[in-house]
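Reading the structure
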Amino acid sequence: MQKSLTEGNVFRSMLWFAAPLILGNLLQQLYNIADTIIVGRFVGADALAAVGSSFTLMVFLTSVMLGLCMGSGIVFSILFGGGKYHLLKSAIYVSFVFIGAVSVVINVAVLFFIDEILMVLQIPQEIFEPTKVYLTVILWGMSFTFIYNYFASLLRALGNSATPLWFLAAAAVLNVILDFVFILVFGWGVAGAAWATFAAQAVSALGLMWYCLKKLPLLRLERRHTAFKFSLFKMIVEYSVLTCVQQSIMNLGILAVQGLINSFGVAVMAAFAAGVKIDAFAYMPVQDFGNAFSTFIAQNYGAGKKERIAAGIKSAVLTSLVFCLVISTVVFVFARELMLIFVKAEDEEIIAIGAEYLRIEGACYAGIGCLFLLYGLYRGLGRPGISVVLTVISLGVRVALAYWLAFVPGIGLTGIWWSVPIGWLLADIAGFGYYYKYRRELAA
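An account of the accompanying structure is given in this report. What you are looking at is a predicted structure, and each value in this text was computed from that prediction instead of being measured. (Residues numbered from 1 in each chain as written. Predicted model: local features only at pLDDT ≥ 70, side-chain atom pairs only at ≥ 80, totals over all residues. Heavy atoms only, no water.)

1. Some points on the packing of aromatic side chains
Summed over all chains, the structure comprises 24 aromatic pairs. Aromatic side chains Phe-96 and Phe-151 sit 6.1 Å apart centroid to centroid with 50° between the ring planes, which places their arrangement in the tilted category. A residue pair is termed long-range when its members are at least 10 positions apart, and Phe-96 in helix α3 (residues 85-112) and Phe-151 in helix α6 (residues 142-157) qualify at 55 residues. By relative accessible area, Phe-96 is classed as partly exposed at 32%. Looking at Phe-151, the relative accessible area reads 6%, which means it is buried. With 5.6 Å between their ring centres and 80° between their planes, Phe-272 and Tyr-357 make a pair best called edge-to-face. With a gap of 85 residues between them, Phe-272 in helix α10 (residues 266-303) and Tyr-357 in helix α13 (residues 348-362) connect regions that are remote in the sequence. As far as burial versus exposure is concerned, Phe-272 and Tyr-357 are alike and both buried. Each residue in the set Phe-76, Phe-96, Phe-146, Tyr-150 and Phe-151 is aromatic and connected to the rest through ring pairs, giving one cluster. (Phe/Tyr/Trp six-rings, centres within 6.5 Å; stacked < 30°, edge-to-face > 60°. Helix = DSSP H or I, 4+ residues; strand = E, 2+ residues; numbered from the N terminus. Buried < 20%, exposed > 50% of the residue type's maximum accessible area, 1.4 Å probe, protein only.)

Written out as structure tokens, the structure is:
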């Protein structure tokens, strides 16, 4: 079911559209959390470190495809909001061919250079092989990741955020069941976790694609829609590539910090692996709210409704700050207990390192919440380049500070943790400052 976000109460429109998106990505996080819990508790710290290191690389690779899909989704939203359905169908064809080709090239390249990539990431020798095994299996399933994210972005651009949730829910349940079967029953270890994720992604991707092609007349293409339109291709590339660059830079910075963290040994790697999963789960709702906000902005921008854009910004900022305050309190207070979800109680060193990380990051979630809204705002207004600049500020500061402070006596790991919220803060100041200076031109 398609839904226009250009009418009705602003707050309710955004919230009802965002809710399935938030629930869906929380379920998607369960994919990785299920792997982490079962691997950490039943296989061991080395396996947990292997899965954690793999997760960071996979998030980076997925961010490339996700960024391309999100960028195309903005184009779809603008065309849908403006009632240009013929162009919308042509854009669907052009973007699918373009993003699909890019995804295949990236996937083949990473598989070919997997050993060299793991060496650059400074994966310790004792977990090199299990990390490679896990990544290889996951990489063979990346085509399913592309298919799911493409069709999910397409549906969300049309105001349908609920349908992807149902397919993702089925996949999440299947993933957890297969984790237990492959790891605990079959004893496949790290490879079992990877195969469980592979199978779950295949189910969600193929199911969602079938739904879109068979159940939605608006998405059925005719021969005339498969003609190559350079103007559409240029528009899709502009939005998709810049959004992809923004997403990739964000995760490339995390990947660069992962390499630094790996140099501190397996205990720190395991703590960071668990901490990042908790982090991602904690602020995932505001990230998804930012993506929903982007669709809201894009549809209203395409429809020329400036007053709804202004009202939407105020509602979104207030909603995000309230949520971040609540979740920051929970993570800060229960940092140690949250680490115990992933790590055995006797692994005290890992728990202590992870709890320190969570208390520093958790206290500052308002920073990342506002940053996600800024990303969504500028993508929706057709200015994805500004989102790239904000990402460069945030991640540039994070990486530079991390590598500097990590080797300062008396600071070390604490400096790496503090580099993250400092980067968020500086990017927020730049993003809000730019908006208030040029807000009339941006909505024009």
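2. Side note on the pattern of salt bridges
For the structure shown, the criterion picks out two salt bridges. Between Lys-132 and Asp-115 there is a salt bridge; the shortest N-O distance is 3.1 Å. Separated by 17 residues along the polypeptide, Lys-132 in helix α5 (residues 125-140) and Asp-115 in helix α4 (residues 114-120) bring together distant segments of the chain. With a closest N to O distance of 2.9 Å, Glu-348 and Arg-336 form a salt bridge. Of this pair, Glu-348 sits in helix α13 while Arg-336 sits in helix α12 (residues 335-339), and the two are 12 residues apart along the sequence. (Salt bridge = Lys/Arg side-chain N within 4 Å of Asp/Glu carboxyl O.)

3. Focus on the packing of α5 against helix α8 (residues 190-215)
With their axes 9 Å apart at the nearest point, α5 and α8 run at an angle of 15° to one another. The orientation of α5 with respect to α8, classified from their angle, is roughly parallel. The handedness of the crossing between α5 and α8 is right-handed. Residues Pro-130, Val-133, Tyr-134, Val-137, Ile-138 and Trp-140 of α5 touch α8, and the partners they reach there are Val-190, Ala-191, Ala-193, Ala-194, Trp-195, Thr-197 and Phe-198. Considering only residue class, the contact of α5 with α8 consists of 12 nonpolar, one polar and no charged. (Axes fitted to C-alpha atoms, helices over the stretch in contact; angles between N-to-C directions. Parallel < 35°, antiparallel > 145°, perpendicular 65-115°, else oblique. Left-handed = near helix turned anticlockwise from the far one by under 90°. Contact = heavy atoms within 4.5 Å. Nonpolar A, V, L, I, M, F, W, Y, C, P; charged D, E, K, R; others polar.)

4. Things to note about the environment of Gly-362
By the element assignment, Gly-362 lies in helix α13. When the C-alpha atoms of Gly-362 and Phe-332 are compared, they prove to be 5.6 Å apart, with 30 residues separating the residues in sequence. Setting aside residues no more than four positions away along its own chain, Gly-362 makes contact with Ser-328 and Val-331.

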